[in-house]
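Spelled out, the chains give:
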Number of protein chains: 2
Amino acid sequence: MSDMNEEMQILFDNYTALMDGGQYLQLKQELNEEQPANIAEYFEELTAEKQLFIFRLLSKDVAAEVFSYMDNDTQEHIVQSITDREVRNIVDEMFLDDTVDFLEEAPANLVKKVLRNTDAGTRQLINRFLNYPENSAGSLMTIEFVRLRANMTVTKALSEIKRVGMDKETIYTCYVTDAQRKLLGVIPLRTLICAEDDSLVGDLMEDDVISVHTLDDQEEVANIFKKYNWMALPVTDTEGRLVGIITVDDIVDVIEQETTEDMELMNAVLPSDDEYLKMSVFALVKNRIPWLCVLMISGTLSAFVIGMYQSLLDSVVMLSSFMTIITGTGGNAGSQASAMVIRGLALGDIQMRDTFKVVFKELRVGILCGLILAMVNMIRMTFFDHSTPFNIDLTVSLSMGVAVVLAKTLGCILPILAKAVKLDPAMMAGPLISTVVDAIALVVYFSIATVLVL
Amino acid sequence: MSDMNEEMQILFDNYTALMDGGQYLQLKQELNEEQPANIAEYFEELTAEKQLFIFRLLSKDVAAEVFSYMDNDTQEHIVQSITDREVRNIVDEMFLDDTVDFLEEAPANLVKKVLRNTDAGTRQLINRFLNYPENSAGSLMTIEFVRLRANMTVTKALSEIKRVGMDKETIYTCYVTDAQRKLLGVIPLRTLICAEDDSLVGDLMEDDVISVHTLDDQEEVANIFKKYNWMALPVTDTEGRLVGIITVDDIVDVIEQETTEDMELMNAVLPSDDEYLKMSVFALVKNRIPWLCVLMISGTLSAFVIGMYQSLLDSVVMLSSFMTIITGTGGNAGSQASAMVIRGLALGDIQMRDTFKVVFKELRVGILCGLILAMVNMIRMTFFDHSTPFNIDLTVSLSMGVAVVLAKTLGCILPILAKAVKLDPAMMAGPLISTVVDAIALVVYFSIATVLVL
């Protein structure tokens with residue numbers, strides 16, 4: 001597995017060769033034995049027509065699995081092109097949560113096409129799922145789990161698992177419920193396998209179960225998985241009835257998605273679920289222009305500050321040369337602090353009760369960084385750049401030091417404040433911090449200059 | 001599970017009450033029934049003395065599991081304080097990879113204490129693990145997996161799993177090897193459970209196995225998990241022999257760690273594995289000051305550009321007011337582009353072969369964003385700020401537009417270039433891009449001003 005991309009390319013070239021050579025039987029056999037995720041990737045390289053051709057070479061169960069790995073565009077094209085009967089086959093074979101994932105993004109006509117090809121029971125379930133808020137535990141969960149009873153023996157439980165196992169998302173964690181579907185306990189398949197045949201499920205199960213509610217946020221769900229290293233988590237409704245489970249492989253996607261959102265927000269981009277290359281130029285502009293405008297207008301504050309000190313600049317034009325180096329360094333120092341605090345808040349390493357500790361820490365870090373930078377700058381300007389008088393060197397160095405301290409402090413406080421008022425801390429990152437720091441750093445710079453230079 | 005922190009606090013308060021009340025038997029019982037991850041969290045609230053007391057109330061197997069969830073400081077304190085015999089008990093019960101995780105960070109005297117309390121075989125294994133490079137597949141893997149033979153029947157395989165199951169990291173994916181330990185195939189426990197009793201493992205197993213090498217990077221390993229949604233992945237040595245497996249719960253940690261590193265690097269912080277609150281002020285400064293210095297010195301370029309145009313600024317002092325708004329907007333526009341490209345590269349959504357597509361896209365996004373921002377700024381300066389003449393309004397707006405286009409282009413090219421020369425693309429983010437854009441934007445600004453204003 002030294003280079004995944006290269007291996008994939010060889011695989012795809014082989015398929016294409018078989019297709020072009022008319023060796024359809026061979027192609028069909030190879031496709032149906034390949035990893036579904038790889039075939040889904042192959043679809044992205046094909047024309048619409050060839051996608052359909054290849055799709056029809058897949059056996060029913062493979063087709064459903066490949067479908068669940070495809071991106072939205074390909075899925076939509078396939079559903080659009082195939083017959084009602086083929087739609088029914090896929091939906092029958094797919095896990096419900098994958099069907100729902102597709103329907104959540106699909107245009108109305110395709111949703112209709114899918115729904116009219118499902119039986120009434122499934123249709124009702126799908127509708128219930130579509131009603132769960134986006135990013136809630138309910139929208140993540142699957143209903144294909146193994147349900148056991150407390151009074152079953154291990155032998156009975158294992159034969160039940162054997163009977164239903166192939167249609168379940170996981171059989172490795174089983175759930176014990178009563179007649180009212182209330183969740184009583186959890187039992188890993190490992191416990192069943194290693195137990196005596198005539199032990200009772202009720203005696204073996206873990207009855208102190210941690211579960212989430214259908215409306216809980218996916219970020220909270222992800223945090224539980226990270227803390228306990230579990231493979232699955234039960235989801236209950238308000239009456240404590242078990243309605244679904246969430247498996248760890250979906251959590252990996254949630255973590256990636258939440259992180260991408262944070263990174264976008266931290267760089268003044270409105271978050272989006274779509275892949276970069278799949279987004280149109282207009283979509284990209286739409287996600288970027290709001291913050292660019294807001295920050296640009298806020299940047300007027302700096303222009304205003306500079307305008308206020310026009311007469312100072314007039315008499316010492318040289319001062320203008322060092323404005324950007326001071327604002328830039330301040331902005332960088334602030335970005336560092338805010339990024340670490342934002343990440344700490346997201347990972348749960350930093351809690352609201354740590355506010356004082358964080359601010360005190362950043363204050364000390366700021367003072368130390370400020371001192372070092374001021375000294376480095378002083379040395380640079382004094383010994384390597386003889387064009388400026390000593391009092392300007394001193395003004396620039398001092399302002400830089402103070403700007404760094406202020407930037408570090410602001411950089412750690414703003415994300416925590418944002419969290420306190422239920423805003424996303426990731427908003428309070430580099431771009432916003434820099435814009436605020438710019439104006440403040442300039443006031444500091446000109447104030448010091450007024451004393452030292454004039 | 002509405003508020004995990006609150007529930008934990010109630011749990012911890014209960015333990016503390018039992019401890020203070022001397023109800024040790026009750027405390028012992030409750031501790032041994034609780035989730036190990038929660039007890040490990042409780043340790044972080046305790047004094048060193050109480051940590052030891054509580055630890056000794058735990059049964060051997062619970063103690064080992066709780067230990068594996070503790071942070072490094074607590075682990076070190078515990079190992080320091082307990083007897084050799086207790087050390088032996090923990091190491092016996094722990095999975096090898098957890099022992100290795102602890103040893104990797106522990107000071108030499110504790111490593112010695114642990115190693116002298118393990119038998120020769122384990123010691124040899126531990127030493128081999130400690131030699132795998134950090135962040136390699138070898139350093140992530142565990143050796144506690146289930147090994148089957150191709151000629152076993154399902155019944156035989158299941159009884160083998162039952163025999164060894166409790167000591168394995170996972171039993172849900174089993175591995176088939178030959179006498180030379182060469183990996184022949186993979187078989188999920190589900191397949192075994194649902195198969196006929198007298199089928200042969202060799203007929204049921206998946207023989208087209210994707211595996212990784214001990215020296216492969218953990219990021220690559222994580223990408224495979226993300227693509228295939230697997231629960232475990234086999235690790236082979238250079239001779240194709242199966243030496244270990246990696247489970248998905250470790251991958252969740254890898255993903256978090258890689259993301260944190262990217263975020264730190266994207267904000268000009270040298271990456272570190274430690275939690276923010278656990279890092280000393282000096283450690284934080286050490287990770288931040290190098291980039292701050294490099295960027296500050298690079299910022300001299302801007303000062304140089306401004307110095308070059310001193311006579312222009314001299315005659316039109318007003319121009320200095322708008323320098324930061326132009327450099328700021330350019331920096332923000334560049335950060336947006338670089339962040340999305342860096343993330344796309346990390347997730348594999350963007351490949352090297354997409355370079356042209358990306359640049360062409362960002363060029364169009366840049367032109368559109370630049371036009372909009374220039375217009376908004378023109379309107380703002382013309383209608384809401386009457387202090388500047390028309391040719392200055394026009395200069396600022398035009399420069400802003402051009403700066404945005406250049407920033408977007410640079411912002412997407414630099415991360416790709418970095419990747420091409422095997423540097424981490426995350427380095428080419430906001431702070432660095434802004435510093436480069438600052439100088440370029442100023443050249444643009446003063447050049448346009450020379451034409452339009454002078």
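Residues numbered from 1 in each chain as written. Chains lettered and ligands numbered in written order. Predicted model: local features only at pLDDT ≥ 70, side-chain atom pairs only at ≥ 80, totals over all residues. Heavy atoms only, no water.

Trainee: Hey, could you run me through a negative patch on the surface in this one?
Mentor: Residues and elements named next belong to chain A. Residues Asp 13, Glu 44, Glu 45, Asp 73, Asp 101, Glu 104, Glu 105, Glu 134, Asp 253, Asp 273 and Asp 274 make up a contiguous surface patch of negative charge. Of the residues forming the negative patch, the biggest block, three residues, is contributed by helix H8 (residues 96-105). Within the fold, Glu 104 resides in helix H8. Given a relative accessible area of 33%, Glu 104 falls into the partly exposed group. (Patch = residues over 30% accessible without salt bridge, like charges linked within 9 Å, V, L, I, M, F, W, Y side chains within 5 Å. Areas by Shrake-Rupley, 256 points an atom, 1.4 Å probe, with all protein chains shown as cover. Salt bridge = Lys/Arg side-chain N within 4 Å of Asp/Glu carboxyl O. Lys, Arg positive; Asp, Glu negative; His and termini not counted. Charge placed at Lys NZ, Arg CZ, Asp CG, Glu CD. Helix = DSSP H or I, 4+ residues; strand = E, 2+ residues; numbered from the N terminus. Buried < 20%, exposed > 50% of the residue type's maximum accessible area, 1.4 Å probe, protein only.)

Trainee: Quick question: what am I supposed to make of the packing of helix H20 (residues 355-384) of chain A against helix H21 (residues 390-420) of chain A here?
Mentor: Any two packed helices are characterised by how steeply their axes cross, that is the angle between the axes, and by the distance between the axes. Residue and element names in this part refer to chain A. Relative to each other, H20 and H21 sit at 160°, their axes nearing to 8 Å. One finds that H20 runs roughly antiparallel with respect to H21. The element H20 and its partner H21 pack so that their crossing is right-handed. Partitioning the contact of H20 with H21 into residue classes produces 20 nonpolar, eight polar and three charged. (Axes fitted to C-alpha atoms, helices over the stretch in contact; angles between N-to-C directions. Parallel < 35°, antiparallel > 145°, perpendicular 65-115°, else oblique. Left-handed = near helix turned anticlockwise from the far one by under 90°. Nonpolar A, V, L, I, M, F, W, Y, C, P; charged D, E, K, R; others polar.)

Trainee: Can you walk me through the pattern of salt bridges in this structure?
Mentor: One pass over the full model with this rule turns up 26 salt bridges over all chains. Residue B:Glu160 pairs with B:Arg163 through a salt bridge whose shortest N-O separation is 3.2 Å. Of this pair, B:Glu160 and B:Arg163 both sit in helix H12 (residues 154-164), three residues apart, which is roughly one turn of that helix. For B:Arg163, a relative accessible area of 62% gives the class exposed. In the salt-bridge network here, residues are joined through shared partners; they are A:Asp71, A:Glu275 and A:Lys278.

Trainee: Would you mind showing me how to read the sheet that holds strand S6 (residues 242-247) of chain A here?
Mentor: Across a sheet, paired strands are connected by hydrogen bonds in the backbone, their directions being either parallel or antiparallel. Residue and element names in this part refer to chain A. Pairing in this open sheet of three strands is mixed, and the strands run S4-S5-S6 from one edge to the other. In this open sheet, the two edge strands, each paired with only one partner strand, are strand S4 (212-213) and S6. Relative to strand S5 (residues 232-236), S4 runs parallel, the two sharing two bridges. Within the sheet, the bridge partner assigned to His 213 lies in S5 and is Thr 236. Those strands touched by helix H15 (residues 218-228) are S4, S5 and S6, and its axis lies near 140° from that of S5. (Pairing = 2+ DSSP bridges. Contact = heavy atoms within 4.5 Å.)

Trainee: Mind showing me how you'd approach the domain arrangement of chain A here?
Mentor: Often, the extent of an interface is quoted as the loss of accessible area on bringing the components together. For chain A, the assigned domains read domain 1 (4-131), domain 2 (147-257) and domain 3 (276-452). Summarising the inter-unit geometry, the C-alpha centres of domain 1 of chain A and domain 3 of chain A are found 50 Å apart. (Domains from an automatic or database assignment.)

Trainee: What is the right way to look at the relation of the copies chain A and chain B in this model?
Mentor: The transform that puts chain A on chain B rotates by 180° and translates by 0.0 Å along the axis, for an RMSD of 0.2 Å. Such values leave the two copies arranged in the relation of a two-fold axis. Mapped onto chain B, 100% of the interface residues of chain A again fall at the interface, so both copies present the same surface. (Least-squares fit on C-alpha atoms with pLDDT ≥ 70 in both.)

Trainee: Is there a simple way to think about the interface of chain A and chain B in this case?
Mentor: Chain A puts 123 residues into the contact, and the matching count from chain B is 124 residues. With both sides pooled, the region where chain A packs onto chain B buries about 11,500 Å², and carbon together with sulfur makes up 64% of that total. Counting the contacts that link chain A with chain B gives 10 salt bridges. The partner of B:Glu256 in a salt bridge is A:Lys226, with the nearest N and O atoms 2.5 Å apart. Remark: the boundary between chain A and chain B carries 43 residue pairs in polar contact (both at pLDDT 80 or more). The element contributing the most residues to the side of chain A that touches chain B is helix H17 (residues 281-308) of chain A, with 17 residues. When the residues that make up the side of chain A that touches chain B are grouped by side-chain class, the tally is 66 nonpolar, 29 polar and 28 charged. (Buried area = accessible area lost by both parts, 1.4 Å probe. Polar contact = N/O pair within 3.5 Å; in protein donor to acceptor, adjacent residues only side chain to side chain.)

Trainee: Would you explain the pairing of strand S3 (residues 183-188) of chain B in this entry?
Mentor: Two faces make up the sheet, and in a regular strand the side chains alternate between them. Residues and elements named next belong to chain B. Of the strand pairs in this sheet, strand S2 (residues 173-177) and S3 are connected by five bridges, and their pairing is antiparallel. Along S3, the bridge assignment pairs Thr 177 with Leu 183. The hairpin formed by S2 and S3 contains five residues between the paired strands, and Arg 181 there has a positive phi angle of roughly 65°.

Trainee: Explanation requested: the nonpolar core in the structure shown.
Mentor: Taken as a class, soluble globular proteins show a tendency for nonpolar side chains to be buried jointly. By size, the foremost hydrophobic cluster in this structure holds 126 residues, and its most contacted members are A:Phe55, A:Ile246, B:Phe55 and B:Ile246. If we skip the residues at most four places from it in the chain, B:Phe55 touches B:Phe43, B:Ala63, B:Phe67, B:Met70, B:Ile78, B:Ile82 and B:Ile90. Of all hydrophobic cores here, the second largest spans 116 residues; its members include A:Cys293, A:Ala441, B:Trp291 and B:Leu442. (Core = buried A, V, L, I, M, F, W, Y, C linked by side-chain atoms within 4.5 Å.)

Trainee: Please clarify how the pairing of S2(B) should be interpreted in this entry.
Mentor: Judged by how many residues are buried, S2(B) sits mostly within the fold: five of five residues are covered. Residue alternation in S2(B) divides its side chains into two sets, B:Thr173, B:Tyr175 and B:Thr177 and B:Cys174 and B:Val176, and both sets are buried.

Trainee: How should the UniProt feature "transmembrane region" (unreviewed entry) in chain A be read in this particular structure?
Mentor: Residues and elements named next belong to chain A. The feature "transmembrane region" (unreviewed entry), as given by UniProt, occupies residues 289-310, 316-342, 363-384, 396-417 and 429-453 in the numbering adopted here. The span residues 316-342 is 74% helix and 0% strand, and its two end C-alpha atoms sit 40 Å from each other. Between the C-alpha atoms that bound residues 396-417 the distance is 31 Å, and the span itself is 100% helix and 0% strand. (UniProt positions renumbered as here; feature names shortened; annotations may be inferred.)

Trainee: Explain the UniProt feature "domain: CBS" (unreviewed entry) in chain A to me, please; I cannot follow it from the model alone.
Mentor: The positions that UniProt labels "domain: CBS" (unreviewed entry) are, in the present scheme, residues 205-261 of chain A. Regarding residues 205-261 of chain A, the helix share stands at 44% and the strand share at 23%, and the terminal C-alpha atoms are separated by 38 Å.

Trainee: What should I look at first to understand the sheet that holds strand S1 (residues 147-148) of chain A in this one?
Mentor: Read from one edge of the open sheet, three strands run S1-S2-S3 (chain A), paired in mixed fashion. Here the strands that pair on one side only, and so sit at the sheet edges, are S1 and strand S3 (183-188) of chain A.

Trainee: Sorry if this is basic, but what is going on with a nonpolar patch on the surface here?
Mentor: Taken together, the side chains of A:Phe356, A:Phe360, A:Leu363, A:Ile367 and A:Leu371 make up a nonpolar region of the molecular surface, amounting to roughly 510 Å² of accessible area. Structurally, A:Leu371 can be placed in helix H20.

Trainee: What is the right way to look at the state of the cysteines in this model?
Mentor: As used here, a disulfide is simply a covalent bond connecting the sulfur atoms of two cysteines. Enumeration over the complete set of coordinates arrives at zero disulfides over all chains. The cysteine A:Cys369 is free of any disulfide, with B:Cys293 supplying the nearest cysteine sulfur at 8.6 Å. Looking at A:Cys412, it has no disulfide partner, and the nearest cysteine sulfur is the one in A:Cys369, 13 Å off. A relative accessible area of 0% means that A:Cys412 is categorised as buried. (Disulfide = S-S within 2.5 Å.)

Trainee: Please explain empty space enclosed by the protein as it appears in this structure.
Mentor: A water-sized probe rolled over the atoms picks out the places where empty space is left. Tallying each qualifying case throughout the model produces 10 cavities of 30 Å³ or more. Within this model, the largest cavity holds a volume of roughly 480 Å³. Every residue lining the largest cavity is counted, 35 residues in all, and those nearest its centre are A:Gly331, A:Ser434, B:Gly328, B:Gly331 and B:Ser434. At the level of elements, H17, helix H19 (323-347) and helix H22 (430-452) of chain A together with helix H17 (281-308), helix H19 (323-347) and helix H22 (430-452) of chain B are the ones that each hand at least two residues to the lining of the largest cavity. Counted by class, the lining of the largest cavity contains eight nonpolar, 25 polar and two charged residues. (1 Å grid on protein atoms, 1.4 Å probe; cavity = no way out; pocket = protein on both sides within 12 Å on 5 of 7 lines; lining within 4 Å. Points joined across faces, edges and corners; volume = space filled by probe spheres on them.)

Trainee: Is there a simple way to explain unusual backbone geometry in this structure?
Mentor: What you tend to see is this: most non-glycine residues have negative phi, and most peptide bonds are trans. Even without glycine at this site, A:Ala268 takes up a positive phi of about 65°. Here A:Ala268 is to be found in the loop between helix H16 (248-266) and H17. Residue A:Ala268 is classed as buried on the basis of its relative accessible area of 4%. Despite not being glycine, B:Asn229 has its phi angle at roughly 55°, a positive value. Considering the arrangement of structural elements, one finds B:Asn229 in the loop between helix H15 (218-228) and strand S5 (232-236).

Trainee: Can you walk me through the packing of aromatic side chains in this structure?
Mentor: Given two aromatic rings, their pairing is described by the distance between the two centres and the angle made by the two planes. All names here are of chain A. In this structure the tally under the stated criterion is 23 aromatic pairs over all chains. Geometrically, the ring pair formed by Phe 12 and Tyr 42 is tilted, given 5.2 Å between the ring centres and 35° between the ring planes. Residue Phe 12 is located in helix H1 (residues 4-20), and its partner Tyr 42 is located in helix H3 (residues 36-43); the two are separated by 30 residues in the primary sequence. Grouping aromatic residues by their ring pairs yields a cluster made of Phe 12, Tyr 15 and Tyr 42. (Phe/Tyr/Trp six-rings, centres within 6.5 Å; stacked < 30°, edge-to-face > 60°.)

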